[in-house]
Amino acid sequence: MSSSTLPPLEGWLGALAEIGEAVGGDEPVTDLLNRVARTACTLLGYDFCAVFLPAGDGRALTIEGSYGLSADYIAQVNANRPILLDERGEREAPTSLAFRTGDVVTLEDIELVPDFTWSGVAQEQGYRALISAPLRRGGDVVGALNGYRTAPHRFDRAEIGLVTTLATQVAVALNTAQLRAQEQATIHELRRAEEVHTLLTATALRGEGVAGVAEALSELLDRGVRIQDVYGETLAETRWPTSDVEDPAAAAVTLDGVEVARIHVAATDAELSRLDVRAVEHATVVTALELLRARTAAEVEQRIRGSLVADLLSSDDAGMPALLDRARRLGWDLSGSHSLIAVRPAAERTLAAADRFVAGVTPRPLAALYRGDLVLVWPDGAGSPVDAAARLLESISPATTSGEPVAAAGRRAEARELPGSFRTVRGALDLAGDAGGRRVIDLNEFTIDHLLLQLDDPRLLSAFATSVLGRAVDYDRARSTELVHTARVLLDHGLDRRAAASALHLHPNTVAQRVRRLEELTGLQFSRPADLLQLTAALSVARVAALR
């Protein structure tokens with residue numbers, strides 16, 4: 001294009017005014033750049049144009065606006081052949097050279113340039129000549145405006161001047177459009193932040209709990225959310241994927257500077273926007289408030305339950321009617337038969353795990369910490385107390401930090417009998433001591449050992465069992481025999497040696513031989529009632545104390 005064929009001044013002014021008007025509107029940056037490319041083609045007679053801007057990492061230029069270029073060409077250049085800014089020499093693209101030096105670069109006929117690296121792409125798009133003008137803003141180059149012609153073309157000084165002028169105006173318009181886009185993004189972020197604040201604050205004011213926080217945050221982020229305590233117990237989750245999430249984003253929930261929970265989001269940190277991170281941070285504050293509210297309520301309820309259990313297990317017959325009425329008003333019906341389940345060791349965390357265990361049980365059991373043990377008043381209609389104790393130990397084991405828990409399950413009793421039942425189960429736990437291993441002591445049947453277990457000093461019971469059975473226990477250990485076990489089975493079968501032999505899968509003569517050996521070691525005879533009572537008591541105590 002010669003100076004004689006340039007468009008009139010009015011055309012230039014009108015085109016620049018159109019670009020300025022677009023900048024003042026709500027047109028996205030990409031649409032503005034497409035308009036600039038179209039304007040350049042119209043004013044300067046180019047077959048197609050492109051506007052290049054630096055990619056996010058600043059190492060390459062990509063096409064962000066164009067006119068006349070095919071979508072395939074744009075995709076190919078941006079994805080496979082971006083204009084690298086660290087190339088030099090004959091491998092450096094004309095656009096990179098213009099961007100780097102700040103000078104206009106022209107190629108009048110690509111086919112005449114030897115070893116032109118971009119000749120293949122040029123042939124695919126069908127251009128022979130190009131001009132690349134840097135987009136200058138202040139002292140910086142922020143991009144490049146390229147014009148292409150399908151035929152060879154000489155770019156004279158006048159045309160280069162016009163392209164340079166247009167590029168300068170484009171740089172100004174681009175700066176304004178980008179500032180406006182940033183402003184719009186900031187406004188959107190502020191509105192979104194207000195939405196986050198409003199939704200999470202409303203959740204807190206309505207007292208929807210941790211589950212409400214998880215649901216609100218999941219709605220805001222459009223992602224799965226899981227809230228767990230510091231022990232890994234899930235407190236609430238919404239839309240959490242069934243498959244494992246690799247490296248999910250997480251934020252700590254703290255109370256008084258101590259971490260009490262963590263919020264997990266089904267996304268990596270890189271996938272969360274700045275506003276998403278703010279939403280998660282806000283959610284940690286609301287979650288802390290909900291946990292504080294729940295903790296306060298739980299502490300009040302635990303005090304009420306603890307007081308009720310303490311009075312129940314220390315009350316006499318005269319005070320029992322008033323106590324039953326008080327329990328009924330608090331939501332527990334203690335009028336029928338109940339069994340006591342006591343667990344050791346126990347702490348606040350153990351009680352919290354027990355509360356989760358009994359949450360779905362009907363009728364409602366009463367659980368509390370009493371005299372250092374976890375105590376459950378187990379209703380007769382809630383199922384077997386021994387089975388419940390086994391399931392309870394499995395449930396609370398992760399919450400026990402000082403050894404394997406041991407439970408004792410007492411027999412069915414009326415409310416007035418529960419104080420005596422507690423002395424029995426507590427005595428069983430005292431006697432079990434440090435025997436080790438998670439187990440349930442079944443005290444369902446009323447036997448003489450129940451009376452023994454109510455003694456205050458479990459050491460006397462252990463000493464009694466050892467004095468009676470000590471030599472037999474040592475004999476079993478040294479020779480891997482089962483004299484003590486055989487005696488228990490024989491007693492369980494009413495001293496019927498044939499029935500005991502059948503249960504042990506032995507010949508009756510073998511059972512008789514073991515009994516004679518046990519009698520020799522203990523000096524006691526099964527045929528004498530006084531000796532039999534002493535053996536029975538010692539075997540019962542040894543079972544609870546886990547003597548072998």
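Residues numbered from 1 in each chain as written. Predicted model: local features only at pLDDT ≥ 70, side-chain atom pairs only at ≥ 80, totals over all residues. Heavy atoms only, no water.

### Topic: the sheet that holds strand β4 (residues 105–107)
Pairing in this open sheet of six strands is antiparallel, and the strands run β3-β2-β1-β6-β5-β4 from one edge to the other. Strands with a single pairing partner mark the edges of an open sheet, and in this sheet they are β3 (83–84) and β4. Alignment of β4 against strand β5 (residues 129–137), held across three bridges, turns out to be antiparallel. What sits directly across from Leu107, in β5, is Leu130. Against the sheet, helix α3 (residues 71–79) touches β2 (60–67) and β6 (140–149), its axis set at about 165 degrees to β2. (Pairing = 2+ DSSP bridges. Helix = DSSP H or I, 4+ residues; strand = E, 2+ residues; numbered from the N terminus. Contact = heavy atoms within 4.5 Å. Axes fitted to C-alpha atoms, helices over the stretch in contact; angles between N-to-C directions.)

### Things to note about a nonpolar patch on the surface
Together, Val300, Ile304 and Leu330 give the surface a local cluster of nonpolar side chains, amounting to about 210 Å² of exposed area. Note on Ile304: relative accessible area 36%, which makes it partly exposed. (Patch = residues over 30% accessible without salt bridge, like charges linked within 9 Å, V, L, I, M, F, W, Y side chains within 5 Å. Areas by Shrake-Rupley, 256 points an atom, 1.4 Å probe, with all protein chains shown as cover. Salt bridge = Lys/Arg side-chain N within 4 Å of Asp/Glu carboxyl O. Buried < 20%, exposed > 50% of the residue type's maximum accessible area, 1.4 Å probe, protein only.)

### Considerations on the side chain of His153
For His153, the position within the fold is in the loop between β6 and α6 (157–206). We classify His153 as buried; its relative accessible area is 12%. Here Glu159 takes part through its side chain, which lies 2.9 Å from a polar atom of the side chain of His153. (Polar contact = N/O pair within 3.5 Å; in protein donor to acceptor, adjacent residues only side chain to side chain.)

### A few points about the state of the cysteines
In this structure the tally under the stated criterion is zero disulfides. Cys49 provides the cysteine sulfur closest to Cys41, a residue in no disulfide bond, and the two sulfurs are 3.2 Å apart. Cys41 sits in the buried class, given a relative accessible area of 6%. Assessed through its relative accessible area of 1%, Cys49 is described here as buried. (Disulfide = S-S within 2.5 Å.)

### Topic: the layout of surface pockets
Its boundaries defined by the atoms lining it, the largest pocket holds a volume of some 1200 Å³. Counting residues per element, the lining of the largest pocket draws most heavily on helix α8 (residues 274–312), which supplies 11 residues. Grouping the constituent residues of the lining of the largest pocket by class yields 17 nonpolar, two polar and 13 charged. Mapped onto the domain boundaries, the lining of the largest pocket takes at least three residues apiece from domain 2 (207–296) and domain 3 (315–454). (1 Å grid on protein atoms, 1.4 Å probe; cavity = no way out; pocket = protein on both sides within 12 Å on 5 of 7 lines; lining within 4 Å. Points joined across faces, edges and corners; volume = space filled by probe spheres on them. Nonpolar A, V, L, I, M, F, W, Y, C, P; charged D, E, K, R; others polar. Domains from an automatic or database assignment.)

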